[in-house]
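Coordinate analysis (summary)
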Amino acid sequence: MSVRNFWIYFNDCKKNLKSFNFTDDKLFSLSADLALKLVEADLKEKEAMLTREKLKKEMEGLILQSKTQTKQLEFEILKSMVQAESMVRSVGDNACINRANVYVGFLNVVGNASESSAIATHSNNVISEIKKIDDTALTSDYKDIFKAARENFLKEQSKLGKMRECFIIYPRSEIKIREPIELIGFSIYPQNESVFEFKGQTLENSQLLDFSSEEEGEFEIIFKVKNDLEEWIQDKIIIKVTKF
């Protein structure tokens, strides 16, 4: 491709330099030098594009890793909340179970006693001591705490769910008339359907947009992509085009 471009540039340069009346040797030499510089510029542009692609992939990986870690953290928080509430609820449940077991034990003693009259004198005292086992549900005491914890968790979860999953990378927001600018549509769904919308035009399934304008003004550019739920998400920017 570079060799082919060299000869295309060479012929274009020679054609445009003919009007300067150079000798054939000088015309050939200048055309070759200019063509070589243009090829070098192409190679540098391709190198820059590869660097951007590498950065894009690294960013995709970091965001996906961040999302995974965030989800894991959410599940850990939820698990801890459930465990905490279950623990609090079990305090009252265990007290009731203990009281029932003590009653059963006492009834066994009474049932097996040969002299019920001797047991009867102590019954009220034993029952009184059994009733001292507290079966009050502690959940009610911690109700406000758990309610606040749930609300905070859901609020934070909502914020985390709004992390940017789609945006446009652009070097600057102001350019001159006919000046090209390359825009990169970035998302964490690189394989999903995407579209650029600009100046009444649509560019489908491309993450790169070469934008320029023959007229001045402010132009809205939108990059849209479908997430894994088949919902369109988008980012938009304004590019200002000026004469000078």
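Shown above is the structure to which this text applies.
Quick caveat, the model's predicted, so the values are computed rather than measured.

**So, the environment of A32**
By the element assignment, A32 lies in helix α2 (residues 24-112). Among all residues touching A32, those that are not within four sequence positions of it are F6 and F10.

**Re the sheet that holds strand β1 (residues 166-169)**
Read across the sheet, three strands follow the order β1-β3-β6 without closing on themselves; strand pairing throughout is antiparallel. Of all strands in the sheet, those with a lone pairing partner are β1 and β6 (208-211), marking the two edges. Within this sheet the neighbouring strands show an average axis-to-axis angle of 20 degrees, counted without direction. The pairing of strand β3 (residues 181-187) with β6 spans four bridges and is antiparallel. Across the sheet, the residue bridging to L183 is L209, located in β6.

**Regarding the packing of aromatic side chains**
Here a ring pair, both rings aromatic, is described through the centre-centre distance and the interplanar angle of the planes. In the structure shown here, the tally under the stated rule is seven aromatic pairs. Seen in terms of ring centroids, F167 and F186 are 4.9 Å apart; in terms of plane orientation they differ by 45 degrees. Their pairing is tilted. Taken as a pair, F167 in strand β1 and F186 in strand β3 lie far apart in primary sequence, 19 residues in all. Grouping residues by exposure puts F167 and F186 together as buried.

**Topic: the side chain of S213**
Counting through the fold element by element, S213 comes out in the loop between β6 and β7 (217-226). One polar contact links the side chain of S213 to the main-chain carbonyl oxygen of E215, over a distance of 2.7 Å. In contact with S213, other than residues within four places in its own chain, are I177, R178, K199, F219 and V241.

**Quick word on the nonpolar core**
Counting residues in hydrophobic clusters, the biggest one holds 22 residues, and the most contacted among them are L183, F211 and I221. At the level of secondary structure, the elements contributing two or more residues to this core comprise β1, β3, β4 (194-198), β6, β7 and β8 (232-242). Broken down by element, the residue count for this core peaks at four residues, all from β7. Filtering out sequence-adjacent residues up to four positions away, L183 remains in contact with I168, I169, Y170, F196, Q207, L208, L209, F211, I221 and I237.

Rules used in this analysis
- Numbering of residues starts from 1 in every chain and runs along the sequence as written.
- In keeping with the predicted nature of the model, local features appear solely for residues at pLDDT of at least 70, side-chain atom pairs appear and are counted solely at 80 or more, and the whole-chain, interface and lining totals rest on all residues.
- Side-chain descriptors were evaluated using all non-hydrogen atoms of the structure, hydrogens and water having been removed beforehand.
- The numbering of helices and of strands both runs from the N terminus, where a helix is a DSSP run of H or I of at least 4 residues and a strand a run of E of at least 2.
- Note on contacts: a residue pair is in contact if any heavy atoms of the two residues lie within 4.5 Å.
- Pairing between two strands requires that DSSP report at least two bridges joining them.
- Under this scheme, a helix contributes an axis fitted over its contacting stretch, all axes are lines through C-alpha atoms, and angles between N-to-C directions fall in the 0 to 180 degree range.
- Any pair of Phe, Tyr and Trp rings, taking the six-membered ring for Trp, is counted once the centres come within 6.5 Å. Such a pair is stacked with planes under 30 degrees apart, edge-to-face with planes over 60 apart, and tilted for the rest.
- Whether a residue is buried, partly exposed or exposed follows from its accessible area with a 1.4 Å probe, protein chains only, as a fraction of its type maximum: under 20%, in between, or over 50%, in that order.
- In the analysis that follows, any N or O atom pair within 3.5 Å is treated as a polar contact, provided that within protein one partner can donate a hydrogen and the other can accept it, and provided that, for residues neighboring in sequence, both atoms belong to side chains.
- We define the nonpolar core as a collection of buried residues of types Ala, Val, Leu, Ile, Met, Phe, Trp, Tyr and Cys that are connected through side-chain atoms lying within 4.5 Å of one another.

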